[in-house]
Amino acid sequence: MKFITPSALSRLGVLGMNARNIDYIAGYNKRSLYSIVDNKLLTKKAAQSAGITVPELLGTIESQWQLRKLGQLLEPHSQFVIKPTRGSGGKGIFVISSRKKDIFIKPSGREYRLNDIHRHVNNILSGLYSLGGKPDYAMIEAMINYDPVFDNYTYEGVPDIRIIVFLGFPVMAMLRCATHSSDGRANLHQGAIGVGISLSTGQTLFAVQRNRRIERHPDTDKPFADLCIPHWQQVLELAAGCYEMTSLGYLGCDMILDRNKGPMILELNARPGLAIQMACAAGLKKRLKSIENMEPEERSMSPAERVHYIQNIF
């Protein structure tokens, strides 16, 4: 196995964990602003206030006494997603894609009863999946019917698009595709696939799974080289607009493409990971520095203008 030295990684413009944490997260994200992205319910409300489309909220469970009404809340729905409002890394997300009377079925085909879901929501309320283990709320959303362009590019789950936004400029993007080994989740550390995306065209670049380059989806055998993301300009402009919505300088925007409603914000992250650099086969550092070195008045652009700018330089 060939190892790359830290100095070689630096020359390639790869952003490391310490630099990310100190120079960008601590340097550009005020702690007082974290609540808007660390709480998915607050993110949803802020996005709606800004006119940004988000998945439909079906209900919330905020206390043990509300938990008794869970069955009544779920009764009209055969598809839904349950999330902890303060969860991270995909932990605690519970997806139901169909049901047969009292049997709830996950995309994998595994069956659950109401008591199982009741137990899961109770775990969410207790803080099992939340940041810092603090008591949490459960949020129930409508399940996304993803754009058919992603058929055979994901397995048992909804693909999402992660975009790193710095001072309002989208600087790097990847598609995250669920696999059988990731249990339908789009988190790379759980076995999902990261597929780099060209900012200028929306065309896919490279695909990685568990830090190894791959050419095809392991469950469907579909080649990633054939994929181009639809609505790409709108996707980038929505991500760029999250800067004004949150005032966070360094931000990860997770987006989805619904077949009926188009691009939507799924959630935001004040501490986005660094694996996106592997998917794009490029370093973040040079891109961040190019924006950082601009004069403040040069950065005074609308979201659409910022997207146009980065598409010309990256």
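The written sequence of each chain sets the order in which its residues are numbered from 1. Local features in a predicted model are, by the rule used here, given only for residues with pLDDT of at least 70; side-chain atom pairs are given and counted only at 80 or more, and totals for whole chains, interfaces and linings are based on all residues. Side-chain figures throughout are based on the complete set of non-hydrogen atoms in the structure, without hydrogens or water.

Peer 1: Go over the sheet that holds strand S3 (residues 94-96) with me, naming the residues and quoting the values.
Peer 2: Strand order in the open sheet made by the four strands is S1-S7-S2-S3, with antiparallel pairing throughout. Strands with a single pairing partner mark the edges of an open sheet, and in this sheet they are strand S1 (57-61) and S3. Sheet twist, expressed as the mean angle between neighbouring strand axes with direction ignored, is 15°. Bridge analysis of S1 against strand S7 (residues 138-141) gives four bridges, and the strand direction is antiparallel. From the neighbouring strand, Leu 57 faces S7, where its bridge partner is Glu 141. Whether two residues are in contact is decided by their heavy atoms: any pair within 4.5 Å suffices. Here an axis means a line fitted to C-alpha atoms, over the contact stretch when the element is a helix, while the angle between two N-to-C directions is reported on a 0 to 180 degree scale. Where helices and strands are cited, they refer to DSSP runs of H or I of at least four residues and of E of at least two residues respectively, numbered from the N terminus. On the sheet, helix H4 (residues 40-49) packs against S1, strand S2 (80-84) and S7 and is oriented at approximately 50° with respect to S7. When DSSP finds two or more bridges between a pair of strands, those strands are recorded as paired.

Peer 1: If you had to explain the pairing of S2 to someone new, which residues and values would you point to?
Peer 2: The buried count for S2 comes to five of five residues, which makes it a mostly enclosed element. For S2 and S3, the ladder comprises three bridges, and the chain directions are antiparallel. Within S3, the residue paired with Phe 80 across the bridge is Ile 96. Examined bridge by bridge, S2 and S7 share four bridges and lie antiparallel to one another. Paired with Lys 83 across the bridge in S7 is Met 139. A 1.4 Å probe rolled over the protein chains alone gives each residue an accessible area, and that area as a share of the maximum for its type sets the label: buried under 20%, exposed over 50%, partly exposed in between.

Peer 1: How would you summarise the sheet that holds strand S13 (residues 250-258) if you had to cite specific residues and measurements?
Peer 2: Taken in spatial order, the seven strands line up as S12-S11-S10-S9-S8-S13-S14 in an open sheet, and their pairing is antiparallel. Each edge of the open sheet is held by one strand with a lone partner, namely strand S12 (212-214) and strand S14 (262-269). Direction aside, the axes of adjacent strands within the sheet are offset by 30° on average. Bridge analysis of S13 against S14 gives seven bridges, and the strand direction is antiparallel. Bridge pairing in S14 links Gly 252 to Asn 269. Along the sheet, helix H8 (residues 232-246) contacts strand S8 (160-166), strand S9 (169-177), strand S10 (193-197), S13 and S14; its crossing angle with S13, the most-contacted strand, is approximately 140°.

Peer 1: Run through the environment of Val 158, naming residues and quoting values.
Peer 2: With respect to the helices and strands, the residue Val 158 is situated in the loop between S7 and S8. Take Val 158: its relative accessible area is 23%, and that puts it in the partly exposed class. Those residues in contact with Val 158 that sit more than four places away from it in its chain are Ile 144, Tyr 146, Gly 184, Ala 186 and Ile 256.

Peer 1: Summarise the pattern of salt bridges; cite the residues concerned and give the values.
Peer 2: By convention in these notes, a salt bridge is any Lys or Arg side-chain nitrogen within 4 Å of a carboxyl oxygen on Asp or Glu. Taken as a whole and judged by the stated rule, the model has eleven salt bridges. A salt bridge links Glu 141 to Lys 44; its shortest N-O distance comes to 2.7 Å. Taken as a pair, Glu 141 in strand S7 and Lys 44 in helix H4 lie far apart in primary sequence, 97 residues in all. Looking at Lys 44, the relative accessible area reads 4%, which means it is buried. Asp 160 serves as the salt-bridge partner of Arg 176, at 2.8 Å between the closest nitrogen and oxygen. Of the two residues, Arg 176 is situated in strand S9 and Asp 160 in strand S8; the sequence distance between them amounts to 16 residues.

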